[in-house]
Amino acid sequence: MVGFTLSGSLSNFTRPSDNRLQYNGAATVLVMAIASLNITAVATTSVSIAITKNGAAPSNGSAVQGALPMTAGISANFSPSTIVSLATSDYLSVWVLSTVATTISVANCTLSAKS
């Protein structure tokens, strides 16, 4: 997902590249990771949205909000969340997956982490 990520005033977090929120604190912490997305699909499909750690592809172990029906051309809002352990240099990212080959447009994506 191509996008833009801001680290804002988060303590111990940076944005080393787009779509990454990286933890740079010294101690390992548990955080609540929350994403908020507004997406539109070109074709009717079902989507899964996942918050993953360190670039891992989404799996059953990821925080997945899945099998969500999408009607072509209609935008929808989704807000997956998970609790995840982060050590120094770990990062979070958001994945959007579709059951059919189609274009998915993400109008807004906010990713936050709260300890």
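Residues numbered from 1 in each chain as written. Predicted model: local features only at pLDDT ≥ 70, side-chain atom pairs only at ≥ 80, totals over all residues. Heavy atoms only, no water.

## Some details on a nonpolar patch on the surface
Here comes step 1: Taken together, Leu-30, Met-32, Ile-34 and Ile-83 make up a surface patch of nonpolar side chains, about 360 Å² in accessible area.
Here comes step 2: Mapping Ile-83 onto the fold places it in strand E7 (residues 81-86). (Patch = residues over 30% accessible without salt bridge, like charges linked within 9 Å, V, L, I, M, F, W, Y side chains within 5 Å. Areas by Shrake-Rupley, 256 points an atom, 1.4 Å probe, with all protein chains shown as cover. Salt bridge = Lys/Arg side-chain N within 4 Å of Asp/Glu carboxyl O. Helix = DSSP H or I, 4+ residues; strand = E, 2+ residues; numbered from the N terminus.)

## Some thoughts on the nonpolar core
Here comes step 1: Core analysis: the largest hydrophobic core is formed by 21 residues, its most contacted members being Phe-13, Ile-39, Ile-49, Phe-78, Leu-86, Leu-92 and Leu-111.
Here comes step 2: When contributions to this core are tallied by element, the ones reaching two or more residues are strand E2 (21-23), strand E3 (29-41), strand E4 (45-53), strand E5 (63-70), E7, strand E8 (91-98) and strand E9 (104-114). (Core = buried A, V, L, I, M, F, W, Y, C linked by side-chain atoms within 4.5 Å. Buried < 20%, exposed > 50% of the residue type's maximum accessible area, 1.4 Å probe, protein only.)

## Things to note about the side chain of Asn-38
Here comes step 1: Structurally, Asn-38 is set in strand E3.
Here comes step 2: Side chain to side chain, Asn-38 and Asn-77 meet in a polar contact 2.8 Å long.
Here comes step 3: Here Asn-38 is in contact with Ser-75, Ala-76, Asn-77, Ser-105, Val-106, Ala-107 and Asn-108, once residues within four sequence places are set aside. (Polar contact = N/O pair within 3.5 Å; in protein donor to acceptor, adjacent residues only side chain to side chain. Contact = heavy atoms within 4.5 Å.)

## Quick notes on the confidence of the model for the protein
Low-pLDDT portions of the prediction should not be read for the details of their coordinates.
Here comes step 1: Residues of the protein with pLDDT of at least 70 account for 84%, and the chain-wide mean is 82.
Here comes step 2: Of all secondary-structure elements in the protein, the lowest mean pLDDT belongs to E5, at 71, while E2 reaches the highest, 93. (pLDDT = per-residue confidence, 0-100.)

## Focus: the pattern of salt bridges
Here comes step 1: What the rule picks out here adds up to 1 salt bridge.
Here comes step 2: Close ionic contact of Asp-90 with Lys-53 constitutes a salt bridge, the shortest N to O distance being 3.8 Å. Taken together, the residues span a long stretch of sequence, with Asp-90 in the loop between E7 and E8 and Lys-53 in strand E4 at a distance of 37 residues.
Here comes step 3: By relative accessible area, which is 13% here, Asp-90 ends up buried.

## Things to note about the environment of Ala-87
Here comes step 1: As for its position among the elements, Ala-87 is in the loop between E7 and E8.
Here comes step 2: When its relative accessible area of 27% is taken as the criterion, Ala-87 is described as partly exposed.
Here comes step 3: Contacts of Ala-87, omitting those with residues within four sequence positions, involve Tyr-23 and Thr-28.

## A short note on the pairing of E8
Here comes step 1: Summarising the sheet, E2 and E8 pair through 2 bridges and their orientation is antiparallel. Across the sheet, the residue bridging to Leu-21 is Leu-92, located in E8.
Here comes step 2: Bridge count for E4 against E8 is 7 bridges, and the pairing is antiparallel. Among the inter-strand pairings, Ala-50 is bridged to a residue of E8, identified as Trp-95. (Pairing = 2+ DSSP bridges.)

## Here we look at the side chain of Gln-22
Here comes step 1: Summarising the element assignment, Gln-22 is placed in strand E2.
Here comes step 2: Within the structure, the side chain of Gln-22 is placed 3.5 Å from the side chain of Asn-24, a separation counted as a polar contact.
Here comes step 3: For Gln-22, the contacting residues outside a window of four places in its chain are Asn-12, Phe-13, Thr-14, Pro-16, Ser-89, Asp-90 and Tyr-91.

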